[in-house]
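Listed below, chain by chain, are the residues.
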Amino acid sequence: MKLKKDNFLFFAKDNLISNKKFNIYWDSNKHIAWTDILNEKSLTKYYLSDSYDSFKEKPSKLIDYIYFYVQNLMLSYKWSITKQFILKDCNSLDIGSGIGVYAEYCLKKGVKQSVVENNIKALNICNSKGLKAFNNLEAIPSHSKFRIITFWHSLEHIINLNTTLARTSLLLEKEGYVIIALPNINSFDSKYYNGKWAALDVPRHLWHFTRKGIELLLKENNFILIKSYPLFMDAFYISYLSEKQNGSYFPLFKGIILGIISNIKALFSKEYSSIIYIFKKRS
(Lines give C-alpha, C1' and ligand atoms only; values in the text may rest on other atoms or scores of the structure.)
Protein backbone atom coordinates (compact mmCIF):
# COMPACT_ATOMS: atom_id res chain seq x y z
CA MET A 1 0.00 0.00 0.00
CA LYS A 2 1.45 3.36 -1.05
CA LEU A 3 1.37 5.81 1.86
CA LYS A 4 1.43 9.59 2.04
CA LYS A 5 3.77 11.12 4.62
CA ASP A 6 2.77 14.76 4.33
CA ASN A 7 -0.12 14.74 6.82
CA PHE A 8 1.42 14.43 10.28
CA LEU A 9 -1.22 13.98 12.99
CA PHE A 10 0.71 13.60 16.24
CA PHE A 11 3.16 11.28 17.99
CA ALA A 12 2.19 8.52 20.39
CA LYS A 13 4.27 6.70 22.99
CA ASP A 14 4.73 2.98 23.47
CA ASN A 15 3.57 2.60 27.06
CA LEU A 16 4.00 -1.18 27.23
CA ILE A 17 7.65 -1.86 26.42
CA SER A 18 9.98 0.92 25.34
CA ASN A 19 8.50 4.39 26.08
CA LYS A 20 9.63 5.23 22.56
CA LYS A 21 7.64 7.80 20.58
CA PHE A 22 6.28 7.06 17.10
CA ASN A 23 4.88 9.48 14.54
CA ILE A 24 1.37 8.90 13.21
CA TYR A 25 0.32 10.17 9.79
CA TRP A 26 -3.06 10.56 8.09
CA ASP A 27 -3.74 9.32 4.57
CA SER A 28 -6.63 11.39 3.18
CA ASN A 29 -7.04 9.10 0.17
CA LYS A 30 -7.33 5.88 2.20
CA HIS A 31 -9.11 7.49 5.17
CA ILE A 32 -6.81 5.76 7.64
CA ALA A 33 -3.92 6.81 9.85
CA TRP A 34 -0.69 4.84 10.10
CA THR A 35 2.27 4.43 12.44
CA ASP A 36 5.72 5.19 11.05
CA ILE A 37 7.92 2.16 11.84
CA LEU A 38 10.41 2.58 8.99
CA ASN A 39 13.38 2.64 11.38
CA GLU A 40 12.33 -0.63 13.02
CA LYS A 41 13.91 -3.85 11.73
CA SER A 42 11.52 -6.04 13.71
CA LEU A 43 8.49 -5.49 15.95
CA THR A 44 8.85 -8.78 17.84
CA LYS A 45 10.40 -7.13 20.90
CA TYR A 46 7.34 -4.89 21.28
CA TYR A 47 5.17 -7.91 22.10
CA LEU A 48 7.44 -9.42 24.76
CA SER A 49 5.50 -8.51 27.88
CA ASP A 50 3.42 -10.53 30.34
CA SER A 51 1.15 -7.48 30.57
CA TYR A 52 0.09 -7.71 26.92
CA ASP A 53 -3.66 -8.36 27.07
CA SER A 54 -3.89 -10.85 24.19
CA PHE A 55 -1.45 -13.19 25.96
CA LYS A 56 -2.90 -13.04 29.49
CA GLU A 57 -3.90 -16.47 30.81
CA LYS A 58 -5.11 -15.62 34.32
CA PRO A 59 -5.73 -12.57 36.51
CA SER A 60 -3.13 -11.27 38.94
CA LYS A 61 -4.73 -8.03 40.20
CA LEU A 62 -8.17 -6.43 40.59
CA ILE A 63 -8.31 -4.83 37.15
CA ASP A 64 -7.40 -8.22 35.61
CA TYR A 65 -10.43 -9.82 37.27
CA ILE A 66 -12.61 -7.08 35.80
CA TYR A 67 -10.93 -7.57 32.41
CA PHE A 68 -11.59 -11.33 32.40
CA TYR A 69 -15.17 -10.88 33.56
CA VAL A 70 -15.87 -8.43 30.73
CA GLN A 71 -13.99 -10.67 28.31
CA ASN A 72 -16.45 -13.49 29.06
CA LEU A 73 -19.37 -11.15 28.44
CA MET A 74 -17.84 -10.09 25.15
CA LEU A 75 -17.24 -13.69 24.07
CA SER A 76 -20.95 -14.29 24.40
CA TYR A 77 -21.68 -11.08 22.48
CA LYS A 78 -19.26 -11.97 19.67
CA TRP A 79 -20.74 -15.46 19.45
CA SER A 80 -24.26 -14.02 19.15
CA ILE A 81 -23.05 -12.13 16.07
CA THR A 82 -20.92 -14.88 14.56
CA LYS A 83 -23.45 -17.69 14.90
CA GLN A 84 -25.78 -15.93 12.44
CA PHE A 85 -23.39 -16.91 9.66
CA ILE A 86 -22.43 -20.40 10.81
CA LEU A 87 -23.74 -23.44 8.97
CA LYS A 88 -23.58 -27.04 10.16
CA ASP A 89 -20.09 -28.53 9.80
CA CYS A 90 -18.61 -25.29 8.44
CA ASN A 91 -15.00 -24.28 9.11
CA SER A 92 -13.93 -21.08 10.85
CA LEU A 93 -10.51 -19.41 11.01
CA ASP A 94 -9.37 -16.81 13.56
CA ILE A 95 -6.36 -14.74 12.45
CA GLY A 96 -4.20 -13.23 15.17
CA SER A 97 -5.81 -15.40 17.81
CA GLY A 98 -3.49 -14.67 20.73
CA ILE A 99 -3.83 -17.60 23.14
CA GLY A 100 -7.04 -18.69 21.40
CA VAL A 101 -9.67 -17.48 23.88
CA TYR A 102 -12.31 -16.74 21.25
CA ALA A 103 -11.38 -19.76 19.11
CA GLU A 104 -11.64 -22.11 22.10
CA TYR A 105 -15.08 -20.67 22.88
CA CYS A 106 -16.23 -21.45 19.32
CA LEU A 107 -14.67 -24.90 19.48
CA LYS A 108 -16.75 -25.68 22.58
CA LYS A 109 -19.82 -24.55 20.63
CA GLY A 110 -19.11 -27.25 18.06
CA VAL A 111 -17.42 -25.15 15.37
CA LYS A 112 -14.51 -26.60 13.40
CA GLN A 113 -12.04 -23.95 14.47
CA SER A 114 -8.54 -23.12 13.22
CA VAL A 115 -6.25 -20.24 14.20
CA VAL A 116 -3.29 -18.27 12.90
CA GLU A 117 -0.85 -16.88 15.47
CA ASN A 118 2.79 -15.93 14.89
CA ASN A 119 3.79 -15.75 18.56
CA ILE A 120 5.29 -19.18 19.33
CA LYS A 121 4.29 -19.23 23.00
CA ALA A 122 0.70 -18.29 22.17
CA LEU A 123 0.69 -20.78 19.29
CA ASN A 124 1.68 -23.61 21.65
CA ILE A 125 -1.12 -22.64 24.03
CA CYS A 126 -3.58 -22.78 21.11
CA ASN A 127 -2.33 -26.27 20.25
CA SER A 128 -2.76 -27.38 23.87
CA LYS A 129 -6.42 -26.31 23.65
CA GLY A 130 -7.05 -28.65 20.74
CA LEU A 131 -7.13 -25.91 18.14
CA LYS A 132 -5.72 -26.47 14.68
CA ALA A 133 -3.01 -23.83 14.78
CA PHE A 134 -0.84 -22.30 12.05
CA ASN A 135 2.11 -19.93 12.40
CA ASN A 136 1.09 -17.90 9.32
CA LEU A 137 -1.53 -17.78 6.58
CA GLU A 138 0.80 -19.30 4.01
CA ALA A 139 1.07 -22.45 6.15
CA ILE A 140 -2.61 -23.21 5.57
CA PRO A 141 -3.10 -25.62 2.63
CA SER A 142 -4.52 -23.76 -0.37
CA HIS A 143 -7.33 -26.32 -0.73
CA SER A 144 -8.64 -25.42 2.75
CA LYS A 145 -11.86 -23.43 2.72
CA PHE A 146 -13.54 -21.49 5.53
CA ARG A 147 -17.01 -20.03 5.77
CA ILE A 148 -15.94 -17.46 8.35
CA ILE A 149 -12.58 -15.76 8.89
CA THR A 150 -12.25 -13.44 11.89
CA PHE A 151 -9.84 -10.67 12.80
CA TRP A 152 -10.61 -9.77 16.42
CA HIS A 153 -8.47 -6.66 16.93
CA SER A 154 -5.70 -8.14 14.80
CA LEU A 155 -5.94 -6.54 11.35
CA GLU A 156 -4.43 -3.32 12.68
CA HIS A 157 -1.26 -5.29 13.54
CA ILE A 158 -0.66 -6.64 10.04
CA ILE A 159 1.96 -4.98 7.84
CA ASN A 160 0.85 -6.22 4.42
CA LEU A 161 -2.88 -5.58 4.42
CA ASN A 162 -3.62 -6.24 0.76
CA THR A 163 -1.53 -9.42 0.66
CA THR A 164 -3.27 -10.71 3.79
CA LEU A 165 -6.74 -9.88 2.48
CA ALA A 166 -6.00 -11.47 -0.89
CA ARG A 167 -4.96 -14.67 0.88
CA THR A 168 -8.04 -14.40 3.09
CA SER A 169 -10.24 -14.22 0.00
CA LEU A 170 -8.64 -17.35 -1.46
CA LEU A 171 -9.27 -19.27 1.75
CA LEU A 172 -12.92 -18.23 1.97
CA GLU A 173 -15.79 -20.19 0.55
CA LYS A 174 -17.73 -18.60 -2.31
CA GLU A 175 -20.37 -17.28 0.12
CA GLY A 176 -17.88 -16.64 2.94
CA TYR A 177 -17.73 -13.86 5.51
CA VAL A 178 -14.95 -11.82 7.08
CA ILE A 179 -15.59 -10.43 10.57
CA ILE A 180 -13.28 -7.64 11.69
CA ALA A 181 -13.15 -5.79 15.03
CA LEU A 182 -11.18 -2.54 15.09
CA PRO A 183 -10.60 0.56 17.22
CA ASN A 184 -12.15 3.64 15.62
CA ILE A 185 -9.89 6.70 15.39
CA ASN A 186 -12.96 8.86 14.74
CA SER A 187 -14.56 8.00 18.09
CA PHE A 188 -15.14 10.59 20.81
CA ASP A 189 -12.61 8.98 23.17
CA SER A 190 -9.98 8.96 20.41
CA LYS A 191 -10.45 12.68 19.75
CA TYR A 192 -10.55 13.45 23.47
CA TYR A 193 -7.21 11.74 24.21
CA ASN A 194 -5.66 12.49 20.82
CA GLY A 195 -2.05 11.20 20.74
CA LYS A 196 -2.51 9.77 24.25
CA TRP A 197 -5.40 7.47 23.27
CA ALA A 198 -4.48 3.99 24.51
CA ALA A 199 -5.98 2.25 21.45
CA LEU A 200 -3.22 3.73 19.30
CA ASP A 201 -0.99 1.12 21.01
CA VAL A 202 2.07 2.00 18.94
CA PRO A 203 4.02 0.41 17.39
CA ARG A 204 1.93 -2.78 17.63
CA HIS A 205 -0.99 -1.04 15.94
CA LEU A 206 0.30 -0.12 12.51
CA TRP A 207 -3.05 1.14 11.18
CA HIS A 208 -5.71 3.33 12.75
CA PHE A 209 -8.97 2.89 10.90
CA THR A 210 -12.08 4.96 10.34
CA ARG A 211 -15.40 3.41 9.30
CA LYS A 212 -14.88 4.73 5.78
CA GLY A 213 -11.27 3.58 5.69
CA ILE A 214 -11.96 -0.07 6.49
CA GLU A 215 -14.88 -0.17 4.07
CA LEU A 216 -12.72 1.24 1.25
CA LEU A 217 -9.90 -1.21 1.98
CA LEU A 218 -12.19 -4.24 1.93
CA LYS A 219 -14.02 -3.00 -1.15
CA GLU A 220 -10.68 -2.82 -2.97
CA ASN A 221 -10.15 -6.46 -1.99
CA ASN A 222 -13.52 -7.68 -3.29
CA PHE A 223 -15.58 -7.59 -0.09
CA ILE A 224 -18.81 -5.75 0.61
CA LEU A 225 -19.90 -4.44 4.00
CA ILE A 226 -23.23 -5.90 5.07
CA LYS A 227 -23.48 -4.90 8.74
CA SER A 228 -21.64 -3.39 11.71
CA TYR A 229 -22.01 -3.67 15.48
CA PRO A 230 -20.69 -1.53 18.36
CA LEU A 231 -18.28 -2.79 20.98
CA PHE A 232 -19.64 -0.73 23.88
CA MET A 233 -17.27 -2.06 26.54
CA ASP A 234 -14.15 -1.04 24.63
CA ALA A 235 -14.86 2.63 25.30
CA PHE A 236 -14.62 2.02 29.06
CA TYR A 237 -11.46 -0.10 28.94
CA ILE A 238 -9.62 2.12 26.46
CA SER A 239 -10.56 5.26 28.39
CA TYR A 240 -9.39 3.64 31.63
CA LEU A 241 -6.05 2.67 30.04
CA SER A 242 -5.66 6.16 28.58
CA GLU A 243 -6.22 7.73 32.00
CA LYS A 244 -3.86 5.27 33.68
CA GLN A 245 -1.09 5.71 31.12
CA ASN A 246 -1.40 9.48 31.39
CA GLY A 247 -0.93 9.36 35.18
CA SER A 248 -4.45 10.45 36.06
CA TYR A 249 -5.87 10.21 39.57
CA PHE A 250 -8.75 7.72 39.84
CA PRO A 251 -8.24 6.36 36.29
CA LEU A 252 -10.95 3.70 36.56
CA PHE A 253 -13.59 6.21 37.66
CA LYS A 254 -12.60 8.73 34.98
CA GLY A 255 -12.41 6.00 32.36
CA ILE A 256 -15.96 4.92 33.15
CA ILE A 257 -17.22 8.51 32.85
CA LEU A 258 -15.43 9.00 29.49
CA GLY A 259 -16.71 5.64 28.29
CA ILE A 260 -20.29 6.62 29.09
CA ILE A 261 -19.92 9.93 27.26
CA SER A 262 -18.29 8.25 24.25
CA ASN A 263 -21.04 5.64 23.97
CA ILE A 264 -23.83 8.20 24.33
CA LYS A 265 -22.35 10.38 21.61
CA ALA A 266 -21.88 7.31 19.39
CA LEU A 267 -25.58 6.49 19.64
CA PHE A 268 -26.09 9.49 17.35
CA SER A 269 -22.83 9.59 15.35
CA LYS A 270 -22.28 5.78 15.12
CA GLU A 271 -18.60 6.49 15.84
CA TYR A 272 -18.12 3.94 18.62
CA SER A 273 -14.75 3.42 20.27
CA SER A 274 -14.47 0.00 18.60
CA ILE A 275 -16.65 -1.55 15.93
CA ILE A 276 -17.30 -5.04 14.55
CA TYR A 277 -17.67 -5.11 10.77
CA ILE A 278 -19.25 -7.97 8.80
CA PHE A 279 -18.02 -8.26 5.20
CA LYS A 280 -19.17 -10.73 2.59
CA LYS A 281 -17.00 -12.02 -0.22
CA ARG A 282 -18.24 -10.89 -3.61
CA SER A 283 -19.19 -13.79 -5.84
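Residues numbered from 1 in each chain as written. Predicted model: local features only at pLDDT ≥ 70, side-chain atom pairs only at ≥ 80, totals over all residues. Heavy atoms only, no water.

Colleague: Help me understand the overall build of the chain in this model?
Modeller: Check the secondary structure of the chain and you find eight helices and 11 strands. Against the compact-globule benchmark of 19 Å for 283 residues, the chain has a radius of gyration of 18 Å, which places it among compact chains. Classification of the 283 residues of the chain by burial places 51% in the buried group. Sequence-distant contacts, at least 24 apart, represent 70% of the contacts inside the chain between residues at least 6 apart. (Helix = DSSP H or I, 4+ residues; strand = E, 2+ residues; numbered from the N terminus. Rg over C-alpha atoms; globule rule 2.2 N^0.38 Å. Buried < 20%, exposed > 50% of the residue type's maximum accessible area, 1.4 Å probe, protein only. Contact = heavy atoms within 4.5 Å.)

Colleague: When you look at the sheet that holds strand S10 (residues 223–230) in this model, what are you seeing that I'm missing?
Modeller: Backbone-to-backbone hydrogen bonds pair the strands of a sheet. The strands run either parallel or antiparallel. Strand order in the open sheet formed by seven strands is S6-S5-S4-S7-S8-S11-S10, and the pairing between neighbours is mixed. Two strands close off the open sheet at either side, each with one partner strand: strand S6 (132–134) and S10. For this sheet the average axis-to-axis angle between neighbouring strands, irrespective of direction, equals 20 degrees. Where strand S4 (residues 91–95) meets strand S5 (residues 112–116), five bridges bridge the pair, whose relative direction is parallel. Of the residues in S5, the one forming a bridge with Ile-95 is Val-116. Those strands touched by helix H4 (residues 161–171) are S4, strand S7 (146–152), strand S8 (172–183), S10 and strand S11 (274–281), and its axis lies near 140 degrees from that of S8. (Pairing = 2+ DSSP bridges. Axes fitted to C-alpha atoms, helices over the stretch in contact; angles between N-to-C directions.)

Colleague: I keep staring at the packing of aromatic side chains and nothing clicks. Help me out?
Modeller: Describing an aromatic ring pair means giving the distance of the ring centres and the angle of the ring planes. Tallied over the entire structure, the rule returns 10 aromatic pairs. Here Tyr-25 and Trp-34 contribute two aromatic rings whose centre-to-centre distance is 5.1 Å and whose plane-to-plane angle is 25 degrees, an arrangement assigned as stacked. Judged by its relative accessible area of 5%, Trp-34 is buried. Ring geometry for Phe-188 against Tyr-192: centres 6.0 Å apart, planes inclined by 35 degrees, an arrangement best described as tilted. Taken together, the positions of Phe-188 and Tyr-192, both in helix H5 (residues 188–193) and four residues apart, correspond to about one turn of that helix. Given the relative accessible area of 47%, Tyr-192 is considered partly exposed. Among the aromatic side chains, those forming a connected cluster through ring pairs are Phe-8, Tyr-25 and Trp-34. (Phe/Tyr/Trp six-rings, centres within 6.5 Å; stacked < 30°, edge-to-face > 60°.)

Colleague: Explain the pairing of S7 to me, please; I cannot follow it from the model alone.
Modeller: One face of the sheet, then the other: side chains in a regular strand alternate in exactly this way. Summarising burial for S7: seven of the seven residues are buried, a large majority. As judged from the six bridges shared by S7 and S8, these two strands associate in the parallel manner. Within S8, the position partnered with Phe-151 by the bridge is Ile-180. A crossover connection joins S7 to the parallel S8 through H4; in handedness this β-α-β unit is right-handed. (Right-handed = clockwise from strand over helix to strand, strands pointing away.)

Colleague: Just checking my understanding: could you explain the sheet that holds strand S9 (residues 207–209) for this structure?
Modeller: Taken in spatial order, the four strands of this open sheet run S1-S2-S3-S9, and their pairing is antiparallel. The outermost strands of the open sheet, each flanked by one partner alone, are strand S1 (8–13) and S9. Averaged over all neighbouring strand pairs, the angle between strand axes comes to 25 degrees, with direction disregarded. Bridge analysis of strand S2 (residues 21–27) against strand S3 (residues 32–35) gives four bridges, and the strand direction is antiparallel. By the bridge assignment, Asp-27 is partnered in S3 with Ile-32.

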